[in-house]
Amino acid sequence: MAVPNLITCEVDGIQYLLHPQVLGRTEAPIKADQVIPVLLLTEEELNGTPDQIGQLLQYYVDTDDVCSPSFTDILVEKPSKKGNTGLFTEKRKDDRSFSLKATYRLQKTTLHTSSTDHPKAQDDDNLPSGPYFLSGPNLHQAYRLYPDTQDAFVYGMIPEDVHNPSGFRAVSFLSSLDSMSKTIPVPSRHYTRLTTRGRKKPSPIRGKRITLTDGLSLLGTQTTLSCKAYVDTYPFATETDAYVQRLLEEGAVLVGKTKTSQLRIGNSLWPEVHFPANPREARKGNIFDCRGTGVGSASALAGYGWLEYAVGGNVDSAVRESGRRYGLYGLRRSLTAAHDKSILGSNDNVGIFGRSLHDLSLIAERTFPPLVGSVKASSRNTVKKILYLDYAKDQKLEYATDVFVNALERYLSVDRTTVDLDKEWEEYRVKSGIDFSLSKETARFLYELNHYYEYASFRENYQAKFHSSRGLIDLEAQVLWSSARDHVKQHKELQEQIKIFRDWFEQHILVTKPDTATCRSSTGDTIIVIPDIGFHQDHIIGFFGRMLAFEDMLSPQTSIPQLSIPFTQKPGEYTGDEQTYTPVVASVIGPQMTDTSLITLVTEALTASGLPTSVQPGPLCFPLPVIDAAAATTTTAEGRAAKLLHEICMSSEEDDDENHTAKVTSEQEKRLKGAEEEDSWDGETLAKSSLNIKVALEREG
């Protein structure tokens, strides 16, 4: 059966797509080639006075980015079943006040449940009030087409059946604004707002717009991995990844697939597709900012306010790296044998991004497997130790990072313990008589071998389909595969070495203790804080330009959750006369299966100290605080904390001498000591701890 053509149009200067599925018919005398925006309302909603109906129409426009004012010019009345609740439930008036607007009535006849199947009896509950299009007399959902100016997406997509979004279709129209950017179709938010009595409380992520990384499988769409040879080898997906299926069951709105590097190589040069831009960076077209497999997801969420979540892959530590570069909250989930195995691959795992810790907690709670009965949450009462990996050699960032760690220390009433993980492992290795060392080569070989075996079937399938391997010769992965072939015999040995390291880490660093009652792994009392760092030569594991630090291997190799937290920003490059700012991000690691409780712990600690727990889209993660007291007064706890961090970053930025001893100006000291008099955010403690940070640095210098 032929697939219907897709129709686009422009309303109020905005580009729209009509979903091809016919949802009903009206009595309107409209020609078949006419496309008209309308607002569908129930009988109850149209029972109000003219003023009430005017307020109702304005509500639909104000609370939805898809419903522009022109949709309210023509109304379509939907017959309602008993039990529906509208905004106005007055007795219907004889004067039919809604007749002030041009009004048509939806016929109660048939409803098409997909774009190509046979109609069935109409269920009015499947037609929520909101903006629609009439194409002739037929009713269609309205999708706004947002231009992908970040070049973050592979393609946008729409469900084949809006009532049962299981299979999807990729769509890629060019934007009418610049004729260069592809567009991403986004449905009205009103379509997922329930108004029917008696239904259970909807999921908190119902209706939230989410992107998927290209590596995840989704029925009806094609995985590209930014590789033409891969696209030529594999057809459209016939199954959906288990994690994506959970998103659909929770009512999430999937709007598109975002780019990943070619065959998910950590530091690809993007030879066949254009790399995504980073809105936080001064040079948005810098290819070296596109490291990791989560860059497309992070680019979209950091750049587009109309998006709520992004799901990315996490080869090695891509979620942490992308969270750091794009200034987003990111969580790599725990992975155990009990988890559903992702189609992403053995060396990958699901990571999620959000613009607030609250949002991140909601999606983690609803889509990650629940904690097993024997595992306790990493709550304020159970965490007894904070390990700090002191890799932050950049003194400009140490000032701000210490404020973040201090927030955890105050909230938990626990002092940090600074740990040199490399040194701890080496001492244990020598003491235990272990005859191998986890060197740079160990991690590099293991990564190359994992990648080699992960794509073995791809190489075989390509060869079988085309009877040649010519299309694979120029792939960037050939460098990894060629090296891996020289170490195939070492694969099992390397895996055994990593297992020894994992056991040591869990028993001596994270200190998880077995539960004798259940014979399961019980949660430990330790969290680990990793500072915002670049990649330093002392801790580099290099392969084909990709640089990994030793601490980056912790979460992937030990299958424990890792949370990335942006908490301030530091001055970056100038673009003309404009000062840009770069996110400052720390990450926290917790015991296995404490994903959601780790978010809760960090949220409560930051809130108690007045530090931010959300970021905004665009060039700046956080609004710039007003420094001039004469111009404005910062009145909130979060505002004053942000102002303090801003001053710390600005003052440290002015000093390029690594041997400079830290000083606190009298003006800063006066502000810090006076903060506790203004509200209850414990300004004295923060002031003293901040002063102690700088005094300690001065003594060490």
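Residues numbered from 1 in each chain as written. Predicted model: local features only at pLDDT ≥ 70, side-chain atom pairs only at ≥ 80, totals over all residues. Heavy atoms only, no water.

### Here's the deal with the pattern of salt bridges
Convention followed: Each reported salt bridge corresponds to a side-chain nitrogen of Lys or Arg within 4 Å of a carboxyl oxygen of Asp or Glu. Working definition: helices are DSSP H or I runs of at least four residues, strands are E runs of at least two. Numbering for both runs from the N terminus.
With the rule as written, the count across this model stands at 16 salt bridges. Here Lys 499 makes a salt bridge to Asp 503, at a shortest N to O gap of 3.1 Å. Highlighted residues: Lys 499 and Asp 503, both in helix α12 (residues 491-509), separated by four residues, approximately one helical turn. A single network of salt bridges, built from pairs that share partners, joins Asp 148, Asp 151, Lys 182 and Lys 259.

### What to know about unusual backbone geometry
In plain terms, the rule: Residue exposure (1.4 Å probe, protein chains only): buried if accessible area is under 20% of the type maximum, exposed if over 50%, otherwise partly exposed.
If you check the backbone angles, Asp 12 has positive phi at about 55 degrees while not being a glycine. In this structure, Asp 12 sits in the loop between β1 (7-11) and β2 (14-18). A positive phi angle is found at Leu 225, which is not glycine, with a value near 50 degrees. Here Leu 225 shows up in the loop between β14 (209-213) and α2 (228-233). When its relative accessible area of 1% is taken as the criterion, Leu 225 is described as buried.

### So, the sheet that holds strand β20 (residues 416-419)
Each strand in a sheet pairs with its neighbour through backbone hydrogen bonds, running either in the same direction (parallel) or in the opposite one (antiparallel). Going by this rule: Paired strands, as defined in this entry, are two strands with at least two bridges between them according to DSSP. Axis definition: a line fitted to C-alpha atoms, limited for helices to the stretch in contact. Angles are taken between N-to-C directions and run from 0 to 180 degrees.
If you walk across this open sheet you meet the twelve strands as β12-β11-β15-β14-β16-β18-β17-β26-β27-β23-β19-β20, and the pairing is mixed. Looking at strand neighbours, the two that pair on one side only are β12 (168-171) and β20, the edges of this open sheet. When strand polarity is set aside, the average angle formed by the axes of neighbouring strands in this sheet is 30 degrees.

### Observations regarding the environment of Arg 444
Within the fold, Arg 444 resides in helix α9 (residues 440-454). Accessibility expressed as a relative area gives 21% for Arg 444, which makes it partly exposed. For Arg 444 and Ser 483, which are 39 residues apart along the polypeptide, the C-alpha to C-alpha distance reads 9.8 Å.

### Observations regarding the packing of aromatic side chains
Stated formally: Between rings of Phe, Tyr and Trp, where Trp is taken as its six-membered ring, a pair exists when centres lie within 6.5 Å; planes separated by under 30 degrees are stacked, by over 60 edge-to-face, and by other angles tilted. Here, a charge over a ring means that NZ of Lys or CZ of Arg falls within 6 Å of the ring centre while also lying within 35 degrees of the ring normal.
For the structure shown, the criterion picks out 23 aromatic pairs. Plain terms: the ring middles of Tyr 16 and Phe 71 are 5.4 Å apart, the flat faces sit at 70 degrees to each other, and that makes the pair edge-to-face. Highlighted residues: Tyr 16 in strand β2 and Phe 71 in the loop between α1 (50-62) and β5 (74-78), separated in sequence by 55 residues. The exposure classification of Tyr 16 matches that of Phe 71, with both residues buried. The rings of Tyr 230, Tyr 234, Phe 458, Tyr 462 and Phe 466 are connected pair by pair, giving a single aromatic cluster. We note Arg 459 situated over the ring of Trp 481; from NZ or CZ to the ring centre the distance is 4.6 Å.

### Thoughts on the packing of helix α8 (residues 421-432) against α12
This is how it is decided: When describing relative orientation, an angle under 35 degrees is termed roughly parallel and one over 145 degrees roughly antiparallel, while 65 to 115 degrees is termed roughly perpendicular and anything else oblique. Residue contacts follow a heavy-atom distance rule, with two residues in contact if any of their heavy atoms lie within 4.5 Å. Just so you know the grouping, Ala, Val, Leu, Ile, Met, Phe, Trp, Tyr, Cys and Pro go in nonpolar, Asp, Glu, Lys and Arg go in charged, and all remaining residues, Gly too, go in polar.
For the pair α8 and α12, the least separation of the axes is 12 Å and the interaxial angle reads 105 degrees. In terms of orientation, α8 and α12 fall into the roughly perpendicular class. Of α12, the residues touching α8 (which contributes Leu 421, Glu 424, Trp 425 and Tyr 428) are Ile 500, Phe 501, Trp 504, His 508 and Ile 509. Residues belonging to the contact of α8 with α12 are distributed by class as follows: seven nonpolar, one polar and one charged.

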